[in-house]
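Breakdown of the fold
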There are 2 protein chains.
Amino acid sequence: MIELTKKSATSPANIAFIKYWGKKNSKLNIPYNNSISMNLDSCLTTTTVHFMDNLKEDEVVIDCKKVEGEARNRVVRILDIVRTWAKIKTKAKVSSINNFPSDAGVASSASAFSALALAASSSAGLKLSKKKLSILARLGSGSASRSVISGFSEWKKGSTTNDSYAVQIEKPSYWDLRDIVTIVSSEKKEKSSTEGHGAALTSPYFKERQKELISRTNNLKKAFLRKDIDTFGKLLEEETLDLHLIAMTSKPPIFYLNSTTFAVMQVLRELRVKGIKGYYTMDAGPNVHIICRQKDVDIINKTIKRVPGVKSTIINKARVGTRFSNNHLF
Amino acid sequence: MIELTKKSATSPANIAFIKYWGKKNSKLNIPYNNSISMNLDSCLTTTTVHFMDNLKEDEVVIDCKKVEGEARNRVVRILDIVRTWAKIKTKAKVSSINNFPSDAGVASSASAFSALALAASSSAGLKLSKKKLSILARLGSGSASRSVISGFSEWKKGSTTNDSYAVQIEKPSYWDLRDIVTIVSSEKKEKSSTEGHGAALTSPYFKERQKELISRTNNLKKAFLRKDIDTFGKLLEEETLDLHLIAMTSKPPIFYLNSTTFAVMQVLRELRVKGIKGYYTMDAGPNVHIICRQKDVDIINKTIKRVPGVKSTIINKARVGTRFSNNHLF
């Protein structure tokens, strides 16, 4: 008989250098293209799961509040998969907390579903391989597949649920890249990234983007491996604009960026003229992730905080991916 | 013998609803696609030309200053064509003045070359048809072909220099559209529109844009003719973003917009929720042209002027195109 114990896991958010945008299979979160990311050591979710015999229903608590509806359903869906894999029917208690404000505009679904994947599977007595863990996390939220991995990872798109998962490109210490998360808005975004994924295929440019991505992904990975910040940064920004162009040419158009986003982009271009190299990337929201080397963090951070509209920054490096935690939430 | 007299002409700038971006023949300014515009009655150039026997060289004065180099060469090129057509060798004196500041970010080449086309050809004794005048203006600056026409015009791309010219879609009074030119920057732009034209073909999306333009141009014209501001505005903004996406995906990318541009776009979207309908379009620069109906001009103008970063506005309606003037500049 399987022993059902209380298990906790901690997992980082991640920032994509090559984005995940558009789903080939929206139920299984199978993407159109490979994506590349680094995880963010300052943006963490911790999740505790306990399958317990006396529960009538799964109980889901996020940031100390019991949740219902779609937020709960997404968690239950992962619990159901774990139950199938573990051949159990027991209901579970789940509690999850982020160390970064949910309104900071850093997507918490990647850290949340990767932490859930490890905590839930181990609470059910399963010992999943990294690959299997990445797949389980992906079924909760596509980008969560990458958070499982330490350092820098690539999500291989695959074509079925069993071959779509992330692998490590390099360990955290390979290159001293930093991500200065620059919060320009804490408003709830008008359109979710799920809506953006759905709309992506209505852009007349989506198909051409897929063609471009082949060489861009390849070149960005090469630039990363030889630590060529100029080429890496150029491709990073090209990819960012590309994603937002797809969003803006979706029908109807989706705007994730705001005027402060553009002000920050402009300041980064000005800093580069002076030899201070920070490059922007934005996900489905207006906040800017500034990718730079450790030596430039202080000057960039100081300069960016003076831009009108910038609320705060969070400095991140790459570290370990999803791991066990002793910090039980109940 | 031809009588060479002093002639003056006045001509409006224009704002394109469907843009001219990318040249099939860059010497002859033959475009890849048809474009559509309204002329701007508050943004005028007046030009005086006199072919005079005693001149050794063409003399070109713009805004009271004698110009040399490329600015002069572009004018001389038009004078040369006129001399060929009129079978004369006489040199000319040219003086030109804009009633709008050259740093207002409203392109003055359309008004300037259309005024030059009429003043120069008539000073040389030629009586050109509207078609021939539009062709001559086009040879100076592509978009000048449209300023020749009264009200709302379409530049038919054609395929040779003799069939690439603008025709009227409707007269000025057909629809009470206004253009609130919103100046957000008076800095000289980093990249000229000529550079943008050249770079357009390096965008991976240029070809797909051309396909999209066929239905967009057709639909925008239909929406214009039935005075359907919602559909017209939607297509206008779609086209604007499309042009800037091409610029931003050119290699290297070109950015014409700034953070205030995006702030103005956002305010327009907010006004529309309240039923006040203003739509944005931007040419190769950060200033916003707000297209709306007369009844909404005051409230939009008042609201937009309060947006931080907006320096001033110029309200325009469509009126007569290139015409003779009695206001001789010398």
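Before reading on, note that the structure itself is shown above.
The structure reproduced in this document is the subject of the present report. It should be emphasised that the depicted structure is a prediction, and the values quoted were computed from it without experimental measurement.

Parameters at a glance
Residues numbered from 1 in each chain as written. Chains lettered and ligands numbered in written order. Predicted model: local features only at pLDDT ≥ 70, side-chain atom pairs only at ≥ 80, totals over all residues. Heavy atoms only, no water. Helix = DSSP H or I, 4+ residues; strand = E, 2+ residues; numbered from the N terminus. Contact = heavy atoms within 4.5 Å. Least-squares fit on C-alpha atoms with pLDDT ≥ 70 in both. Core = buried A, V, L, I, M, F, W, Y, C linked by side-chain atoms within 4.5 Å. Buried < 20%, exposed > 50% of the residue type's maximum accessible area, 1.4 Å probe, protein only. Buried area = accessible area lost by both parts, 1.4 Å probe. Salt bridge = Lys/Arg side-chain N within 4 Å of Asp/Glu carboxyl O. Nonpolar A, V, L, I, M, F, W, Y, C, P; charged D, E, K, R; others polar. Pairing = 2+ DSSP bridges. Axes fitted to C-alpha atoms, helices over the stretch in contact; angles between N-to-C directions.

Moving on to the side chain of Ser143(A). Residue position: Ser143(A) is located in the loop between helix H3 (130–140) and helix H4 (144–147). Apart from residues no more than four positions distant in its own chain, Ser143(A) is found in contact with Asn14(A), Tyr20(A), Ala110(A) and Trp155(A).

To continue, consider the environment of Met248(B). Among the secondary structure elements, Met248(B) is positioned in helix H7 (residues 229–248). Here the alpha-carbon distance between Met248(B) and Ala199(B), two residues 49 residues apart in the chain, equals 10.0 Å. When near neighbours in sequence (up to four residues on either side) are disregarded, Met248(B) contacts Leu241(A), Leu245(A), Pro253(B), Ile254(B) and Phe255(B).

Let's shift gears to the relation of the copies chain B and chain A. For the pair chain B and chain A, the best superposition has an RMSD of 0.0 Å and corresponds to a rotation of 180 degrees with a translation of 0.0 Å parallel to the axis. Taken together, the turn and the small shift mark the pair as related by a two-fold rotation axis. Minimal C-alpha distance to the rotation axis in chain B is attained by Ser259(B), lying at 2.2 Å. A symmetric contact is evident, with 100% of the interface residues of chain B recurring at the interface of chain A.

Moving on, we get to the nonpolar core. Residues Val264(A), Ile300(A), Ile304(A), Val264(B), Ile300(B) and Ile304(B) are the most contacted members of the largest nonpolar core, which totals 70 residues. Beyond its immediate stretch of four places on either side in the chain, Val264(B) contacts Thr182(B), Val184(B), Val288(B), Ile290(B), Ile304(B), Val307(B) and Val310(B). Phe51(B), Ala86(B), Val94(B) and Val148(B) belong to the second largest nonpolar core, which has 34 residues in total.

Once that is clear, we can look at the interface of chain B and chain A. Where interface size is given, it is often the accessible area lost as the parts come together that is meant. On the side of chain A, 21 residues touch chain B, which itself brings 21 residues to the contact. At the boundary of chain B with chain A, total buried surface from both sides reaches about 1900 Å², with 69% on carbon and sulfur atoms. The interface formed by chain B and chain A holds four salt bridges in total. Put simply, Glu212(A) and Lys251(B) hold a salt bridge, and the shortest N to O gap is 3.0 Å. For the side of chain B that touches chain A, the secondary-structure elements that each account for two or more residues are helix H6 (206–225), H7 and helix H8 (259–273) of chain B. A per-element tally of the side of chain B that touches chain A places H8(B) first, with six residues. Class assignment of the residues belonging to the side of chain B that touches chain A gives a composition of 10 nonpolar, three polar and eight charged.

Our focus in this paragraph is the sheet that holds strand S12 (residues 288–293) of chain B. Residues and elements named next belong to chain B. The four strands lie next to each other as S11-S12-S10-S13, forming an open sheet whose pairing is antiparallel. Each edge of the sheet is formed by a strand with only one pairing partner; in this case those strands are strand S11 (278–281) and strand S13 (312–317). Direction aside, the axes of adjacent strands within the sheet are offset by 25 degrees on average. Sheet strands touched by H8: strand S10 (177–183), S11 and S12. Its angle to S11, the strand with the most contacts, is close to 155 degrees.

Quick look at the side chain of Glu237(A) now. Residues and elements named next belong to chain A. Mapped onto the secondary structure, Glu 237 falls in helix H7 (residues 229–248). On the accessibility criterion, Glu 237 (8% relative accessible area) is buried. Leave out the neighbours within four places in its chain, and Glu 237 touches Arg 272, Gly 278, Tyr 279 and Tyr 280.

Residue and element names in this part refer to chain A. If you walk through the whole model with that rule in mind, you get 37 salt bridges over all chains. Taking the shortest distance from any N to any O, the salt bridge between Lys 156 and Glu 154 comes out at 3.5 Å. Owing to a relative accessible area of 3%, Glu 154 belongs among the buried residues under this scheme. As a salt-bridge pair, Asp 242 and Arg 216 come within 3.2 Å of each other at their nearest N and O atoms.

Turning next to unusual backbone geometry. For the bond running from Lys251(A) to Pro252(A), omega is 0 degrees, close enough to zero to count as cis. The backbone phi angle of Asp63(A) is positive, close to 50 degrees, even though this residue is not glycine. Positive phi, normally seen in glycine, also occurs at Asn29(B), with a value near 55 degrees. Within the element layout of this structure, Asn29(B) appears in the loop between strand S2 (23–25) and strand S3 (30–31).

The next point concerns the sheet that holds strand S11 (residues 278–281) of chain A. Residues and elements named next belong to chain A. Spatial strand order, S11-S12-S10-S13: four strands in an open sheet with antiparallel pairing. Two strands bound the open sheet, and with one partner strand each, they are S11 and strand S13 (312–317). Strand-to-strand, the axes of this sheet are offset by a mean angle of 25 degrees, without reference to chain direction. As paired elements, S11 and strand S12 (residues 288–293) share four bridges and run antiparallel to each other. Counterpart to Tyr 279 in the pairing with S12 is Ile 291. Here helix H8 (residues 259–273) sits on the sheet in contact with strand S10 (177–183), S11 and S12, set at roughly 155 degrees to S11.

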